[in-house]
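# Remarks on the overall topology
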Amino acid sequence: MTALIKIIQVILALSVLIVFHELGHFTFARLFRIKVDKFFLFFDAGDFRLLSTKQGWFSRLFPKLKDKETEYGIGWLPLGGYCKINGMIDESMDSEFLKHEPQPWEFRTKPAWQRLLVMAGGVMYNFIFAILLYITILGIWGETYLSNEQSQIYVSELAYDMGFRNGDRILRLDDYVPDDFSTLQADLARRQVRQAVVLRGSDTLTIYLDQSRIPEILNTPNMFQVAVPFVVEEIPETSPNYGCGLVKGDRIVEVCGQAISFVQESRDILSGHRGETVPIVAMRGADSLAMTMTVDTTGVAGIYAQIPGITKKDYGMVEAIPAGLKMTFSTIGGYLQDLKMVATPSTGAYKSVGSFVAIGQAFPSVWDWFSFLQMLAILSIMLGVMNLIPIPGLDGGHILFTIYEMVTGRKPSDKFLAVAQMIGFVLLLALMFLAFGNDIGRLMR
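Conventions we followed
- Residues numbered from 1 in each chain as written.
- Predicted model: local features only at pLDDT ≥ 70, side-chain atom pairs only at ≥ 80, totals over all residues.
- Heavy atoms only, no water.
- Helix = DSSP H or I, 4+ residues; strand = E, 2+ residues; numbered from the N terminus.
- Buried < 20%, exposed > 50% of the residue type's maximum accessible area, 1.4 Å probe, protein only.
- Contact = heavy atoms within 4.5 Å.
- Areas by Shrake-Rupley, 256 points an atom, 1.4 Å probe, with all protein chains shown as cover.
- Lys, Arg positive; Asp, Glu negative; His and termini not counted.
- Charge placed at Lys NZ, Arg CZ, Asp CG, Glu CD.
- Pairing = 2+ DSSP bridges.
- Axes fitted to C-alpha atoms, helices over the stretch in contact; angles between N-to-C directions.
- Salt bridge = Lys/Arg side-chain N within 4 Å of Asp/Glu carboxyl O.

### What about the overall build of the protein chain?
Broken down by element type, the protein chain carries 12 helices and 17 strands. In the protein chain, buried positions account for 42% of the 445 residues. For the protein chain, the proportion of contacts with a sequence separation of at least 24, taken over those separated by at least 6, is 67%. For the protein chain, the accessible area works out to roughly 23600 Å², and carbon and sulfur atoms hold 61% of it. Each charge sign in the protein chain was given a centre, from 39 positive and 44 negative side chains, and these centres are 9 Å apart.

### Notes on the sheet that holds strand 7 (residues 169–173)
One open sheet accounts for 3 strands, arranged 7-8-9; its pairing is antiparallel. Whereas interior strands pair on both sides, the edge strands pair on one side only; in this sheet they are strand 7 and strand 9 (203–208). Between one strand and the next, the sheet's axes are offset by a mean angle of 25°, whatever the strand orientation. With 4 bridges connecting them, strand 7 and strand 8 (residues 195–200) associate as antiparallel partners. In the sheet register, Leu 173 faces strand 8, and the bridge partner there is Ala 196.

### Things to note about the pattern of salt bridges
With the rule as written, the count across this model stands at 14 salt bridges. With its nearest N and O atoms 3.8 Å apart, the salt bridge here joins Asp 37 to Lys 84. Linking Asp 37 in strand 1 (residues 36–43) with Lys 84 in strand 4 (residues 77–85), this pair joins segments that are 47 residues apart in sequence. A salt bridge links Asp 161 to Arg 213, with the nearest nitrogen and oxygen atoms 2.8 Å apart. With Asp 161 in helix 4 (residues 157–162) and Arg 213 in the loop between strand 9 and helix 6 (214–219), the pair connects residues that are 52 residues apart, well separated along the chain. With relative accessibility at 16%, the residue Arg 213 sits in the buried group. Residues joined by salt bridges that share partners form a network here, namely Lys 38, Asp 44, Arg 49 and Glu 71.

None of the figures reported here should be taken as evidence of function without further support.
Here's what the structure looks like:
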């Protein structure tokens, strides 16, 4: 069931994003009176369609749609979608139109600025869609995150080896002051940080970071956890310690005679005393209390601790508009930094490139509208930014050639564009193989 829910979310998300992206091209094409031959979700490779307004069962049910200028449909290959614009060399590699004289409804006869808007329309719609999604998310649910200013770190082996210690509070990464605790590890890699300033106890220390370890940072999950003081928040009725005498606000500072500062430090101790009752020391205000705590057979105490640093911001729908714009452009900036790392082989970031498998793993295992819309916004930005890469075959390649024409006054020949499109297609296939290869490697590991 978990796999099915993830598959449904991936298919639905990609379908919405593809349709919205292609709608951007379609809207500007029709605005400038350019004929659009096809509008397809997924590719109809081999001319096989699951649905078409021009042929098959759907056209028999709705015969009036046959007379529409554009054929709308759903292909069978779920690797994208397309809007086939008349008089344009695109991923279909159809060049039949080159055999006749240019017509006024064709893409190639329109001014460069109109063609630029047609090609940029998909990316524009992706970013607009992300803005609308973030405005909706912030307006309904607000923004909840872990404040870095109020949180301490609990380190992994990698972080410890780099000089960080449990209980440190990260003040600066070079000149950048991080706000969201959850992005600390990504910030280290994206910004290729050379030194981190931390607060350790009452001392301010500088940790110098080795740039050669960026690949390890990228490929080591949970480098930083939030260090959680063992302060009781709640003891549910199902807990073996319900009614044991601990109350909300008590801080457990000792377990089995071993001093602890954080919940994480208690886990190994409790795991070694499964099914036993162990001595603890708790602080209640200024009082030190000697008590006992029961450990269940799985090695946990069933006590919820207070999570420090949780920050919640609520927005009205009007306030959500600038906040949504800010969040969109912040996400775009972060993804551009990610692409820069992918293009730098020494970072090893290319190993993290993934396909639909990686996307599916990022979705939650249960249906949740908040998480779904968040992923939809992120994927919309990713699709928009990816399409801006100036590779022939992507919108960015077409945009680059059109800008070149506008600057120089010289239009690239149709033969050149056809060759460039083929080169771009090969590059995109190579990228696809890299993504699938990375996913398969991760699954095998």
